[in-house]
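Take a look at the letters that make up each chain.
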Amino acid sequence: MTKLNIPLPGRDYDILIEPGLLDQAGAHCRAVLPRVKKLAVVTDANVAPLYAQRVEKSLADAGFAVKIVTIPAGEPSKSMQMLEFLYDEFMAFGLTRTDAVAALGGGVVGDLAGFAAATILRGVDFVQIPTTLLAQVDSSVGGKVAVDLKSGKNLAGAFWQPKLVLMDPECLNTLSDRIFNDGMAEVIKYGCIRDADFFDELLKCGGREGVMGRIEYVLETCCAIKAQVVLADERDTGLRMILNFGHTLGHAYELAYHYETYTHGQAVAAGMCRAAGLGGKLGGTPEDIPERILQAVKLYDLPDAIACSRTDYETAVGLDKKGAGNEITLILLDKMGEAKPVRMDKQKLLTMVEDAYGC
């Protein structure tokens, strides 16, 4: 078993990575939740038939009273309406402040269940059991939880650290190539911003089969990078912003297509390619970087560009949480494995994108 500790003062927790870990969920949860009697497990309609029964049995064997709460799969479930549904389900279950919530699923489930845990009864303990690659390497670690509003993505949220993160790499075997590659965009991002050797390893893997052959190494590396960044800047006011490489423009692509046509990872992949190009035009990113990132995203069947209007870019930039007043923080690469936040005028960024790519 691979074990990573996240030593946040007073809120430290472990990330455990091991094939077959779903069947050990109960014992590991009991170790960190010794007083908890009731555990509400939030999952979605895709994941529930695959894994809910196994997790429920493991938790019940560890002495928990378990309630499985299933939501529709997909981004639309990350809403205020679904949040209220969870509150009602938790209250009907008799959840108290000494009980807990677990998220069994991908990023939508983790974000929604985490925000529900952070806010119900002024906060209850929370466990992440991510089942997609994107959730395992990114959204389950770091404590960001949120729901979407009509005006944009993740605009109502909180920082709520889990008590434990359980990752079973075998869950990835049931993912479609599209959803697996969705997670690979975030994996590639970690190499771009923090570890050039890791980026090179991803190219050598050659695709999904190669990545799965080294999946524990991939998961551990990504989680270790994110942990280092989160420990340095838990509240996303400085260094943690580098985790948003590709996201400023990527959010515009998601918004433009109403979160339906492109996955988050596909949007981030295109956003990284565009950000690398803009970094070159600004003079800070070496000329070879855009081509290397293009090679990586193509290897994992991700787009390097997505059509988007200036209006959509403007709306997304206006909603970006890295913005302040008329300025936005764009994450650029000084070299492979080294990212930095660059403050710039929002209109300057929009004009640069329009001039370089015709929006």
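Residues numbered from 1 in each chain as written. Predicted model: local features only at pLDDT ≥ 70, side-chain atom pairs only at ≥ 80, totals over all residues. Heavy atoms only, no water.

Asks: I would appreciate a short explanation of the overall build of the chain in the present structure.
Replies: From N to C terminus, the chain includes 14 helices and 11 strands. Radius of gyration (C-alpha) of the chain: 20 Å, near the 21 Å computed for a compact globule of 359 residues. Each principal axis of the C-alpha distribution contributes one length, and for the chain these read about 60 × 40 × 35 Å. Within the chain, the proportion of its 359 residues that are buried is 57%. Considering only contacts within the chain whose residues lie at least 6 apart along the sequence, 74% involve residues at least 24 apart. Summing over all exposed atoms, the chain offers an accessible surface of approximately 14100 Å²; the carbon and sulfur share of this is 49%. (Helix = DSSP H or I, 4+ residues; strand = E, 2+ residues; numbered from the N terminus. Rg over C-alpha atoms; globule rule 2.2 N^0.38 Å. Buried < 20%, exposed > 50% of the residue type's maximum accessible area, 1.4 Å probe, protein only. Contact = heavy atoms within 4.5 Å. Areas by Shrake-Rupley, 256 points an atom, 1.4 Å probe, with all protein chains shown as cover.)

Asks: I tried to follow the packing of helix H11 (residues 264-282) against helix H14 (residues 346-357) on my own but got confused; where do I start?
Replies: In helix packing, the relevant descriptors are the interaxial angle and the interaxial distance, both defined with respect to the helix axes. Contact pair H11 / H14: the axes reach a minimum separation of 11 Å and the direction vectors enclose 100 degrees. Comparing the axis directions of H11 and H14 gives the class roughly perpendicular. Here Cys273, Arg274, Gly277, Leu278, Lys281 and Leu282 of H11 come into contact with H14, specifically with Leu349, Met352, Val353, Ala356 and Tyr357. Tallied by class, the residues present in the contact of H11 with H14 amount to eight nonpolar, one polar and two charged. (Axes fitted to C-alpha atoms, helices over the stretch in contact; angles between N-to-C directions. Parallel < 35°, antiparallel > 145°, perpendicular 65-115°, else oblique. Nonpolar A, V, L, I, M, F, W, Y, C, P; charged D, E, K, R; others polar.)

Asks: Help me understand the nonpolar core, please; the structure alone is not making it clear to me.
Replies: Core analysis: the biggest nonpolar cluster contains 55 residues, and Ile15, Leu133, Val187, Ile188, Phe245 and Ile293 have the highest contact counts within it. Ignoring anything within four residues of it in the chain, the contact list for isoleucine 293 reads Cys192, Phe199, Phe245, Met272, Cys273, Ala276, Leu333 and Met336. (Core = buried A, V, L, I, M, F, W, Y, C linked by side-chain atoms within 4.5 Å.)

Asks: Explain the side chain of serine 77 here, please?
Replies: Position of serine 77 among the secondary structure elements: in the loop between strand E4 (65-71) and helix H3 (80-93). For serine 77, a relative accessible area of 4% translates into the label buried. Beyond its immediate stretch of four places on either side in the chain, serine 77 contacts Ile71, Pro72, Met82, Val108 and Leu112.

Asks: How should I be thinking about the sheet that holds strand E1 (residues 2-6) in this particular structure?
Replies: Strand pairing in a sheet is mediated by backbone hydrogen bonds. Such pairs are either parallel or antiparallel. Reading across from one edge, E1-E2-E9-E6-E5-E3-E4 is the order of the seven strands in this open sheet, with mixed pairing throughout. Of all the strands in the sheet, the pair left with one neighbour each is E1 and E4. In this sheet, neighbouring strand axes are inclined to one another by 15 degrees on average, regardless of whether the strands run parallel or antiparallel. Relative to E4, strand E3 (residues 38-44) runs parallel, the two sharing seven bridges. Paired with alanine 40 across the bridge in E4 is lysine 67. Helix H2 (residues 48-61) rests against E3, E4, strand E5 (100-105) and strand E6 (125-130) of the sheet, and its axis sits at about 165 degrees to E4. Running over the sheet, helix H9 (residues 215-232) touches E1, strand E2 (13-17) and strand E9 (164-167) and is turned about 5 degrees from E1. (Pairing = 2+ DSSP bridges.)

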